[in-house]
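# Examining the three-dimensional arrangement
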There are 2 protein chains.
Amino acid sequence: MKCEVVAVGTELLLGQIVDSNSAWIGEQLALVGIDSFFQTKVGDNLARMVEALELALSRSDAVIVTGGLGPTQDDITRDAIAKVMGVGLIRDEALVEKIRAMFGSRGRDMTDNNLRQADLPEGAMVNPVQPGTAPGLICEVDRGGPGPKVIYAVPGVPWEMKQQMTEWILPDLQSRAGITSVIGSRTLRTWGMSESGLAELLDDEISRLDQTGTATIAFLASGWEGMKVRITAKAPSEGEVTAVLSEEEVRVREIIGNVVFGVDDDTMESVVLDELRSRGLTLGLAESLTGGLISSRITSVAGCSDVFRGGVIPYDRRLKIEVLGASDMPAVSEQMAVEMAEGVCRVLGTDVGLAVTGVAGPQPHEGHDPGRVWIGISINGKTDSAHINFPYDRDRVRQFTCISALSFLRSRLIDGIPSD
Amino acid sequence: MKCEVVAVGTELLLGQIVDSNSAWIGEQLALVGIDSFFQTKVGDNLARMVEALELALSRSDAVIVTGGLGPTQDDITRDAIAKVMGVGLIRDEALVEKIRAMFGSRGRDMTDNNLRQADLPEGAMVNPVQPGTAPGLICEVDRGGPGPKVIYAVPGVPWEMKQQMTEWILPDLQSRAGITSVIGSRTLRTWGMSESGLAELLDDEISRLDQTGTATIAFLASGWEGMKVRITAKAPSEGEVTAVLSEEEVRVREIIGNVVFGVDDDTMESVVLDELRSRGLTLGLAESLTGGLISSRITSVAGCSDVFRGGVIPYDRRLKIEVLGASDMPAVSEQMAVEMAEGVCRVLGTDVGLAVTGVAGPQPHEGHDPGRVWIGISINGKTDSAHINFPYDRDRVRQFTCISALSFLRSRLIDGIPSD
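Residues numbered from 1 in each chain as written. Chains lettered and ligands numbered in written order. Predicted model: local features only at pLDDT ≥ 70, side-chain atom pairs only at ≥ 80, totals over all residues.

### Overview of the relation of the copies chain B and chain A
So the rule is basically this: Overlaid copies result from least-squares superposition on C-alpha atoms, with residues included only where pLDDT is at least 70 in both. Whether two residues are in contact depends on their C-beta atoms, placed from the backbone: they are in contact if these lie within 7 Å.
Between chain B and chain A, the superposition needs a rotation of 180° and an axial shift of 0.4 Å, giving an RMSD of 0.4 Å. What the superposition gives is, in effect, a two-fold axis relating one chain to the other. Comparing interface residues between copies, 100% of those in chain B also lie at the interface in chain A; the contact surface is shared.

### As for the interface of chain B and chain A
For the record, the criterion: The secondary structure listing takes helices from DSSP runs of H or I that are at least 4 residues long and strands from runs of E that are at least 2 residues long, numbered from the N terminus. Residues are grouped as follows: Ala, Val, Leu, Ile, Met, Phe, Trp, Tyr, Cys and Pro are nonpolar; Asp, Glu, Lys and Arg are charged; all remaining types, including Gly, are polar. Two strands pair under a simple rule: DSSP has to find at least two bridges between them.
Listed as interface residues are 48 residues of chain B and, on the opposing side, 48 residues of chain A. Residue assignment for the side of chain B that touches chain A shows that the elements contributing at least two residues are helix 2 (20–31), strand 2 (38–42), helix 11 (293–298), strand 14 (308–313), helix 13 (334–348) and helix 14 (394–415) of chain B. Class assignment of the residues belonging to the side of chain B that touches chain A gives a composition of 23 nonpolar, 17 polar and eight charged. Sheet analysis places strand 2 (residues 38–42) of chain A next to strand 2 of chain B, joined by five bridges and oriented antiparallel. Note that in strand 2 of chain B the partner of Gln39 of chain A across the bridge is Lys41 of chain B.

### Focus on the sheet that holds strand 11 (residues 227–235) of chain B
All names here are of chain B. The test is simple: Here an axis means a line fitted to C-alpha atoms, over the contact stretch when the element is a helix, while the angle between two N-to-C directions is reported on a 0 to 180 degree scale.
Reading across from one edge, 10-11-9-12 is the order of the four strands in this open sheet, with antiparallel pairing throughout. Either end of the sheet is taken by a strand with one partner, and the two such strands are strand 10 (215–221) and strand 12 (260–263). In this sheet, adjacent strand axes meet at a mean angle of 25° when their direction is disregarded. Sheet topology places strand 10 next to strand 11; seven bridges connect them, and they run antiparallel. Across the sheet, the residue bridging to Leu220 is Lys228, located in strand 11.

### Notes on the pairing of strand 9 (residues 182–190) of chain B
Examined bridge by bridge, strand 9 of chain B and strand 11 of chain B share nine bridges and lie antiparallel to one another. Across the sheet, the residue bridging to Gly184 of chain B is Ala233 of chain B, located in strand 11 of chain B.

### Considerations on the sheet that holds strand 12 (residues 260–263) of chain A
Residues and elements named next belong to chain A. Here we have four strands laid out as an open sheet, ordered 10-11-9-12, and antiparallel in their pairing. Single-partner strands in this sheet number two, and they are strand 10 (215–221) and strand 12. Direction aside, the axes of adjacent strands within the sheet are offset by 25° on average.

Fair warning: the whole summary comes from geometry, so function is off the table for now.
Here it is in structure tokens:
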């Protein structure tokens, strides 16, 4: 079973929008075991859309076309599919009423333009999953093979497309392909080790899996979010997939150790909040060179307020002294990072203080090159510190400092602060 | 002149990387006046790469292929092009020495793998612009037309690709297409008006430009970064393009007024810093629901420290009172926003205080629904406030609050705070 993706929209060709839909669809196809060898972008032009669809049908068993299902004049995916099917468009009155009801429930009137969204190629089925006003289509096309080929049309709006894909198209594709096995994956989030370092440690395990065929391991480099290690397994049922993934997760964790900070949707900030919460500790931040980045990540997690009390951004050196009560000394120093961490515990009344100070760049500061960073931690009155020299530009120095500081705090929460 | 883009890499099809290169190239081609009707993604597979290149050559005069120029076994763009040209690969010894020297200057030894990067299709020219170790290629292919067609191969690494495109391929394409005019564009950044609102205001001007043909206007919706209004002009020389753009910018600003906050690389934060700097004012922030987002945007601007002193993130209501000296009252209120702004001026010693408080969600707070936001401003002791109800999820409530607060501050710096 081969399936291609055709993304429709002149704005994609002009680079006004980056086509991330195709990438997401490609990933989902791979996960359910369907081959996808080509992805095409084409503008809102009937002849070229028909050309792209015909080509995709000639090479593959199924085509997923994204975009061009909206209500305006340049939304012509329905017309292109009708042409490929050799049929006309027919207005689906039941669909008209459904769309009208959706507008009504949002307190808006349906315009005549929206009627176009109910003009379907004769013989097309409507995707029963329709989160927005744009109906998805399932269109079977006979090309002389043993069974029909199929075109799935989904909206270009990412969340509508994803829901239609997940709830209908992927299962339908699997059933057409006669795939009865279930594929699942689990992603281990790691920080602190390079791809080649992880690959070396896991080399024997990957060879073993190559022979047993029970699972595969892939590495996804994710910049300042660290390296992701993805375990993928295929088995006859969801329960068996989960069992294989869990068993393999244990093996991988035994091999690569505590560079694993989380699983799947965990983030460094959600994990740090969990570690604090389970210990009944409150957190305060003192951010100089990151200027609020750590705090904005922490507060992106809903429900953080039971642990996170707040922060101080003493960007000016005088504020480190005046607001946090640090001694009068250079800003870029180990002692300053430690006194900032202690100060934030005192001023905000928290159990834990995390502080960063340093040089984001591009100019040197206090005689230090850009990328020089000090991290200070105070946990229940005990302190620790670390320093790093990042060979990066301003943005990356700030981002890498952010995750490095959170990772340092995580390790000290778990292992405790060593005694001198 | 038609030019297609072929992006090579199995990781693109699997969705491990989003292909943003093609989008960028598409935008550049449009800007220099070259049509691009198709973009294709194909994996690291020789037969399918040849198929994709042949198809692109059959439809277009030129093809830009990105990726697959590295030193590893799966980098086979050179092989695919040789096959399309009907020639073999020949090692270019001068190129070997050039690559060896590049490694040497970085203190590293060249591996034997890197020799592959000097194996070129017979008759290929090397792109003289070579910022990294991967040489770009220019390969002419005779397909029976009046002139040769051309394949440009560029590395998949974005900054290397962009430099080769800008400095060599775009001018070469223009010269092959006989395009002697220069195209330039200018982007006006706006905040506070919808696309349909802007389109309505500019309707007459767009019609006028349609007739004169001197310039075009396009709208780029950019979420919480606002609407971008892009003016594009074509003229025989750079000087004339600049003159047309400047004249048109004046017209557009006259029509849409002060929703324009900046031009091209300006951001809301850089503009606010400029407004503060020109008035000799210092800034302090008090961020509750945005939790450091505003501060992290401000401090992303290099050189902000002459204006930005720092901030307080009183996430816990008690800190609004204990650290900023606000009265004991509900957190989500106009008075709290104003007292936080006044408090931050006092505690951090700044001329200007900007404060936000409200409900990010997903849960209601103090009886208010998510999306309820208060903004407070203090400028030299005079205060003002604003409130907004955002119908968004947590992330967007925070992001829209961030730019709304900065925009409110910008307008009050320019217009002053109205007297009661």
